[in-house]
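What follows is the residue order along each chain.
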Amino acid sequence: MTPDQCQQLFERLAHANPHPATELVWHTPFQLLLAVLLSAQSTDVGVNRATAPLFPTLQTPQDLLALGLAAFEQAIRTLGLYRAKARHALEMAKLLVERHEGRVPGTRGELEALPGVGRKTANVVLNILYGHPTIAVDTHVFRVANRTGLACGTTPLAVEQALLRAVPAPFLQHAHHWLILQGRHVCQARAPRCAVCLIQDLCDTGKIHV
DNA sequence: ATCCCGAGGG
DNA sequence: CCCTCTGGAT
């Protein structure tokens, strides 16, 4: 995809949705971090359903430690990978209290040192809580970038680096959310809705297929 | 049978 | 590089 096509792609997505935001429901920084940790191999709808009854009384890592591992594991058991997530979440909360005064740190190194937090989760937190121009590459962003030809790569890190080079600076801050929403609602994995896609004429796959 | 806002360990 | 963890939706 040419730089001009890339520019057009984001102009259209930005025009259609000027203020894209996560569809995860959260109120405190810790809740965002926790919700992103829970989102692995799960839909955000499922995460919101699991966290809704919990979050009114679960606003800080101290609250999670007070709730305890067994109760938290039961509360999130409808999510994929729930046992590993519950264990990571409690270890993460403990570490936040011990090393970060119960607050969510704002550097990649500190975030990725937390149990259950890898590059993708750190990128989301840095973007949403701290306004960094990071692009978290999840399954949706990976698929949309490769399908359209916007940024191709065989690993999430390769796609992330290609995106950081391809996306024009004015769009970097929100590129992650525009691409993820496009992937979730239009450029779906099984049956992409090319007929209603705003960027089909710019897309390598859309030009050929359907 | 495949996919969902992945991470840790071997 | 690979494997495992995991249930719900489609």
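You'll find the structure just up there.
Small disclaimer: the values here were computed from a predicted structure and weren't measured.

**Section: the protein's contact with DNA strand B**
In the region of DNA strand B, 29 residues are neighbours, and Thr22, Thr121, His140, Arg143 and Arg190 sit closest. The sugar-phosphate share of atoms of DNA strand B within 4 Å of the protein amounts to 63%. Here a phosphate oxygen of DNA strand B sits 3.0 Å away from a polar atom, N or O, in the main chain of Gly118. Residue Lys120 places a side-chain N or O atom 3.0 Å away from a base oxygen belonging to DNA strand B. Of all elements in the fold, only α8 (119-130), α9 (139-148) and α11 (172-185) reach the threshold of two or more residues within the surface near DNA strand B. Grouping the constituent residues of the surface near DNA strand B by class yields 8 nonpolar, 13 polar and 8 charged.

**Notes on the nonpolar core**
Grouped together as the largest cluster of nonpolar side chains are 34 residues, with contacts concentrated most on Phe30, Leu34, Leu64, Phe72 and Met92. Of all elements in the fold, only α2 (29-38), α3 (44-51), α6 (82-100) and α8 reach the threshold of two or more residues within this core. At 8 residues, the largest contribution of residues to this core is made by α2. Those residues in contact with Leu64, other than ones at most four positions away along the chain, are Phe30, Leu34, Leu58, Phe72, Ala89, Leu90 and Ala93.

**Structural notes on the packing of α2 against α8**
Where α2 contacts α8, the axes come no closer than 10 Å and their chain directions differ by 150°. One element, α2, and the other, α8, form an angle in the roughly antiparallel class. Taken as a pair, α2 and α8 cross one another with a handedness that is right-handed. Seen from α2, the contacting residues are Pro29, Leu32, Leu33, Val36 and Leu37; seen from α8, they are Lys120, Thr121, Val124, Val125, Ile128 and Leu129. Each residue belonging to the contact of α2 with α8 can be placed in one class, and the counts come to 9 nonpolar, 1 polar and 1 charged.

Quick notes on the rules
Residues numbered from 1 in each chain as written. Chains lettered and ligands numbered in written order. Predicted model: local features only at pLDDT ≥ 70, side-chain atom pairs only at ≥ 80, totals over all residues. Heavy atoms only, no water. Near = heavy atom within 4 Å. Polar contact = N/O pair within 3.5 Å; in protein donor to acceptor, adjacent residues only side chain to side chain. Helix = DSSP H or I, 4+ residues; strand = E, 2+ residues; numbered from the N terminus. Nonpolar A, V, L, I, M, F, W, Y, C, P; charged D, E, K, R; others polar. Core = buried A, V, L, I, M, F, W, Y, C linked by side-chain atoms within 4.5 Å. Buried < 20%, exposed > 50% of the residue type's maximum accessible area, 1.4 Å probe, protein only. Contact = heavy atoms within 4.5 Å. Axes fitted to C-alpha atoms, helices over the stretch in contact; angles between N-to-C directions. Parallel < 35°, antiparallel > 145°, perpendicular 65-115°, else oblique. Left-handed = near helix turned anticlockwise from the far one by under 90°.

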